[in-house]
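# Descriptive structure summary
Here's the letter readout for the chains.
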Amino acid sequence: MTSFQRSGKTAPRLVQDIYEYDPAHPPATGRNLLADVPPVFPEYYNGPLEHISSAACRHNFVSKPAQSYVPQSEQGNTGASTKVSAVCLMCRYHLQVEVSSTPGIGQPSTRFSDHVHHLVYKSGKHRGGAAPEEVSPKGQMLEMFHYECSYLSCSVAVSLRFASPVLNDDRVRLLTDPEVLRQRANEAFAAHPDRLEGVAPPTPINVLLNLRTYISNALLDSQQSKSISAVNKRFMTCFGVEGKPCKDLLEFLGFSSKVCKLALEYVLAICNVINTSTRTKAFGNLLDRIRGQSFPIAINSRYFSMTLYTNLQRSSNRGQCYYEDLGVVEDMAASSIIEAFNRQVSVDPARTPVYLKCLKSIGILRGGEDGSLIDQAVQVAYSEGKYTEEDVVDAYKYFGLSHDDQRLTEESIIGKFYAYLGATTAVQETETRRQLWRIGDSRRSERIKAAAEESTTELTQPK
Ligand SMILES: [Zn+2]
Ligand SMILES: [Zn+2]
């Protein structure tokens, strides 16, 4: 997928893709939603379209305030990064988003700019990448993605870090499986019948709430290193006789056998996740952190209808692909979509036909005022000599040729052209030359283009 490295996506698109990227469930195509940006579907592509697995998590992120840092806007561009950390309530994947800008270069602040950032993937360590993902000391899989804004006047860079859940399935089972909990509590009751008389066996939520309390105390009161008595009633019924059945788990979380030591905040977040009654505040401001400004939203909400498709339907929906290839989202205003088209063409000119096709199709899909605004941009592109791949197919047809005819040569095409030219009127000549030029440009043939432009004299014109 190296050929996709130079294209980019707007910040709102990147945010949308972050919510849909699930490292644990890669799509059938193997395409990496965050590194292969954006997935460009060539014309007449018949392969698998799935870019999101049907098993992928639709993340529901909650923020981790102690691992987040947002500079005050009045501080201006001090070079301090904005960092937001979060964890998904559903799959327990961790995300860290860092937005930075170089002091003194380009925009005065990472938070406000006059454009929607157009982010181009630069490097990373992840599945399917040149550099593989890393493994943390706690056994978490770590993936990194780095992007830079393509505007020359802008020095904003965005880094993403995904980390797999801290607790594996076995450890979650140890904390939440009712049968395991019942057995552990019964052992405690048998070992200390007098002490535990009348104590109810814990439910999974009791165990998690207790663990959360221990971790909170350790975090907030780390200097005091409070101890938990191993024969504490609550501790024993939740974690077994003297905590022995859960010793590995507790040590993994940073507790020593006697003393409650500082555990990392992400462990606390994990408990919050499993225990959904104590959710931290919603992670709704991620978009603001990355995009740095509010982007113009399409006024007509009917565009939203397409976002209601499920992942599976979405993967086979062409309308979705047009937005995706341009690196935009469906509720963007036409002006932003046109701007994104211009950015894609400037960073990735080789795929201009694909981008023009997307722009044109979005204009047709939207119709109305947006449609005519986009159509103006399409006409400007045509006047600059741009074309879609369909236009190339039509150009061959114009001369009675087939675009996939392997026998065609420069000579035979130019020959056809002169035959047509001889039979056309002066009015039609401009169009005939335009059609040939598209064929020449798409074949990267200077000779055909020269014939279309009639700019060289060394061409041998057949009689
Ligand atoms: Zn998730
Ligand atoms: Zn920018």
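Look up: the structure comes first, before these words.
Residue positions are given per chain, counting from 1 as you read along its sequence in written order. Labels are handed out in written order, letters beginning with A for the chains and numbers beginning with 1 for the ligands. Residue-level local features of this predicted model are given only where pLDDT is at least 70; pairs of side-chain atoms are given and counted only at 80 or more, and the full residue set underlies all totals for whole chains, interfaces and linings.

Under the scheme used here, helices are H or I runs from DSSP no shorter than 4 residues and strands are E runs no shorter than 2 residues, and both carry numbers assigned from the N terminus. Relative to the helices and strands, L250 resides in helix α6 (residues 247–252). Separated by eleven residues in the primary sequence, L250 and F239 have C-alpha atoms spaced 9.3 Å apart. For every residue pair, C-beta atoms are placed from the backbone, and the pair is scored as a contact if these atoms sit within 7 Å. Sequence-distant contacts of L250, that is, excluding residues within four places in its chain, are made with G243 and F255.

Exposure criterion: with C-beta atoms placed from backbone coordinates, a residue whose C-beta has 20 or more other C-beta atoms within 10 Å is buried, one with 12 or fewer is exposed, and one in between is partly exposed. The buried fraction of helix α1 (residues 11–20) is high, at seven of ten residues. Of all the residues in α1, the buried ones are A11, P12, R13, L14, Q16, D17 and I18.

With that settled, the discussion passes to helix α13 (residues 368–383). Residues lying three or four places apart along an α-helix face the same way, a consequence of the helix completing one turn every 3.6 residues. With 16 residues, α13 extends 22 Å from end C-alpha to end C-alpha; this agrees with the ideal 22 Å at 1.5 Å per step. Once α13 ends, the next one or two residues include G385, with phi positive near 90 degrees. Under the convention used throughout, the expected extent of a helix is 1.5 Å for every residue step, that is, one less than its residue count.

Looking now at the nonpolar core. Counting 31 residues, the largest nonpolar core has L34, L95, L119, F145, Y147, V158 and L160 as its most contacted members. Among the elements of the structure, α1, β3 (82–88), β4 (94–101), β5 (118–125), β7 (141–149) and β8 (156–163) are those that each provide at least two residues to this core. At five residues, the largest contribution of residues to this core is made by β8. By definition, a nonpolar core groups buried Ala, Val, Leu, Ile, Met, Phe, Trp, Tyr and Cys residues that are joined through C-beta atoms within 7 Å. By size, the runner-up hydrophobic cluster in this structure holds 23 residues, among which are M332, F341, L356 and I374.

What follows deals with unusual backbone geometry. Positive phi, close to 65 degrees, is recorded for R92, a residue that is not glycine. Relative to the helices and strands, R92 resides in the loop between β3 and β4. Positioned with a positive phi, R444 is a non-glycine residue whose angle comes to about 55 degrees. Following the sequence through the fold, R444 ends up in the loop between α16 (426–442) and α17 (446–453). The exposure class of R444 is exposed, given the 8 C-beta atoms found within 10 Å.

Note on geometry: axes are C-alpha line fits, over the in-contact stretch for helices, and angles between N-to-C directions span 0 to 180 degrees. The interhelical angle for the contact between helix α15 (residues 410–423) and α17, taken along N-to-C directions, is 15 degrees, at an axis separation of 10 Å. Relative to α17, the element α15 is oriented roughly parallel. For the pair α15 and α17, the sense of crossing is right-handed. Each of E410, I413, I414 and F417 in α15 lies in contact with α17, whose residues at this interface are R447, I448 and A451. Residues were grouped as follows: Ala, Val, Leu, Ile, Met, Phe, Trp, Tyr, Cys and Pro as nonpolar; Asp, Glu, Lys and Arg as charged; and all remaining residues, including Gly, as polar. Here the contact of α15 with α17 is built from residues that sort into five nonpolar, no polar and two charged. An angle below 35 degrees is treated as roughly parallel, one above 145 as roughly antiparallel, one from 65 to 115 as roughly perpendicular, and anything else as oblique. In this scheme the handedness of a crossing depends on how the near helix is turned from the far one: anticlockwise by less than a right angle means left-handed, clockwise means right-handed.

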